[in-house]
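Now for the letters of each chain:
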Amino acid sequence: MRHITRLLLLFLVLTSYVGMAQRRGQPKKPPNPLQQFLQTQFWIGLKGGPNLTKANPTNLYSTFEGVDFVDDELEKDYDNFKTLGSQVGLEFVFYHRGFSVAFFPNFSRVNFTYHNTYTYESASNAADRVELNYDQKNHLEYIDLPLMFKYDLLREKFRPFIQIGGYYSRLLNANKEVSIENNDTASGATQSYQPQAIIVGAKDIFINSSLGIMAGVGVHYDPGNIRLSFDINYRYGLNNIANAENRFSDNRLAASGDALDDMSLDNLSMNVGVFFPMRFISKSFNSDY
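Residues numbered from 1 in each chain as written. Predicted model: local features only at pLDDT ≥ 70, side-chain atom pairs only at ≥ 80, totals over all residues. Heavy atoms only, no water.

A. Structural context of the overall build of the chain. Check the secondary structure of the chain and you find 3 helices and 12 strands. Within the chain, buried positions represent 37% of all 289 residues. Of the contacts made within the chain by residues no fewer than 6 positions apart, 77% connect residues no fewer than 24 positions apart. Here the chain has roughly 16800 Å² of accessible surface; of this, 60% comes from carbon and sulfur atoms. (Helix = DSSP H or I, 4+ residues; strand = E, 2+ residues; numbered from the N terminus. Buried < 20%, exposed > 50% of the residue type's maximum accessible area, 1.4 Å probe, protein only. Contact = heavy atoms within 4.5 Å. Areas by Shrake-Rupley, 256 points an atom, 1.4 Å probe, with all protein chains shown as cover.)

Right, dumping it as structure tokens:
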């Protein structure tokens, strides 16, 4: 009985050794290329939408000296996230297992407005005064180059995602519109009138580049061979966009008392888009795995 048991144990050991030797001698099974393909996809899409801008002034400037002003401090009132702009462009996306890298070159128009008031008052009679109210509308056009990293929270037809990245923007054009309201009580009767608005090209008072960081959330919907998307992003500007050398260079703006403040721009944008896969447009091939 002991001999039979020893023979069985010896047989099992030899069988295991032979099996291991055969497996070592066989070439390693290559990964399934179809499964690898299904985990990766390239997308290209068109998207765009509205945006709102906030200016963050750090230093305020004017061409007037406050000798006879009622207020001895310069004040400007900025409208934050009130003036609508827009952006439109192409987005290129590389997707792999829930993670994506997206490049979104686009044309954008951003707008922001601020208001300032200058008051001149008679030293002998406070009722004799002239008040000038200025509305300063700024319109900027950029080519934006954002690079984003995305992660899909779900891998169903509805795919909510989060994203983070940065951007570099190149200024194409800028215009400035100054509207003035004049309230005059020094002439003996209250008179209010509005001279013609000043509209000038203002590219020279801004620098040519802007950069910052951005983050957002969104959702994809995959009904079939296309992808629909919606996202909301917040951009935080990191640099001063005012050109200090040309701050007082425009005579028409200088005559109105205005000079561009040092500032950075924040921006809130919303986008809708449609995307197309670049590899095997078929229901049999998708990137859900």
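Once the structure has been displayed, the description carries forward.
B. Structural detail: the pattern of salt bridges. Applying the stated criterion across every chain yields a total of 10 salt bridges. Glu91 serves as the salt-bridge partner of Lys150, at 2.7 Å between the closest nitrogen and oxygen. Taken as a pair, Lys150 in strand β6 (residues 129-152) and Glu91 in strand β3 (residues 84-96) lie far apart in primary sequence, 59 residues in all. One exposure class covers both Lys150 and Glu91, and it is buried. (Salt bridge = Lys/Arg side-chain N within 4 Å of Asp/Glu carboxyl O.)

C. Region of the structure containing the pairing of strand β4 (residues 99-103). The two faces of β4 differ: Ser100 and Ala102 on one face are buried, but Phe99, Val101 and Phe103 on the other face are not. The pairing of β3 with β4 spans 5 bridges and is antiparallel. Within β4, the position partnered with His96 by the bridge is Phe99. Here 5 bridges tie β4 to β6, and the two strands are oriented antiparallel to one another. Among the inter-strand pairings, Ser100 is bridged to a residue of β6, identified as Lys150. (Pairing = 2+ DSSP bridges.)

D. Representation of the pairing of strand β12 (residues 258-277) in the model. A large share of β12 lies buried, amounting to 15 of its 20 residues. Where strand β1 (residues 40-62) and β12 come together, 16 bridges link them in antiparallel fashion. Residue pairing in the sheet places Asn56 in a bridge with Ser264 of β12.

E. Broad picture of the packing of aromatic side chains. Throughout the structure, instances matching the rule amount to 5 aromatic pairs. Residues Tyr78 and Tyr114 carry aromatic rings whose centres are separated by 4.8 Å and whose planes lie at 35° to one another, so their mutual orientation is tilted. Highlighted residues: Tyr78 in strand β2 (residues 77-79) and Tyr114 in strand β5 (residues 106-121), separated in sequence by 36 residues. Here Tyr114 falls in the buried class, since its relative accessible area comes to 0%. Aromatic side chains Phe81 and Tyr234 sit 6.3 Å apart centroid to centroid with 55° between the ring planes, which places their arrangement in the tilted category. You can see Phe81 sitting in the loop between β2 and β3 and its partner Tyr234 sitting in strand β11 (residues 227-237), a full 153 residues away along the chain. Assessed through its relative accessible area of 33%, Tyr234 is described here as partly exposed. The lysine or arginine in question, Arg235, covers the ring of Tyr167, its NZ or CZ lying 4.2 Å from the ring centre. Cation over ring: Arg247 sits above Tyr61, and NZ or CZ is 3.8 Å from the ring centre. (Phe/Tyr/Trp six-rings, centres within 6.5 Å; stacked < 30°, edge-to-face > 60°. Lys NZ or Arg CZ within 6 Å of the ring centre and 35° of its normal.)

F. Molecular detail of unusual backbone geometry. Despite not being glycine, Phe81 has its phi angle at roughly 55°, a positive value. Its identity is not glycine, yet Arg97 carries a phi of approximately 50°, on the positive side. Counting through the fold element by element, Arg97 comes out in the loop between β3 and β4.

G. Spatial organisation of the environment of Leu153. You can see Leu153 is positioned in the loop between β6 and β7 (158-184). Residue Leu153 is classed as partly exposed on the basis of its relative accessible area of 48%. In the structure, Leu153 is positioned 54 residues away from Phe99 in sequence and 9.6 Å away in space, judged by C-alpha atoms. The contacts of Leu153, once residues within four sequence positions are left out, are Pro160, Phe161 and Ile162.

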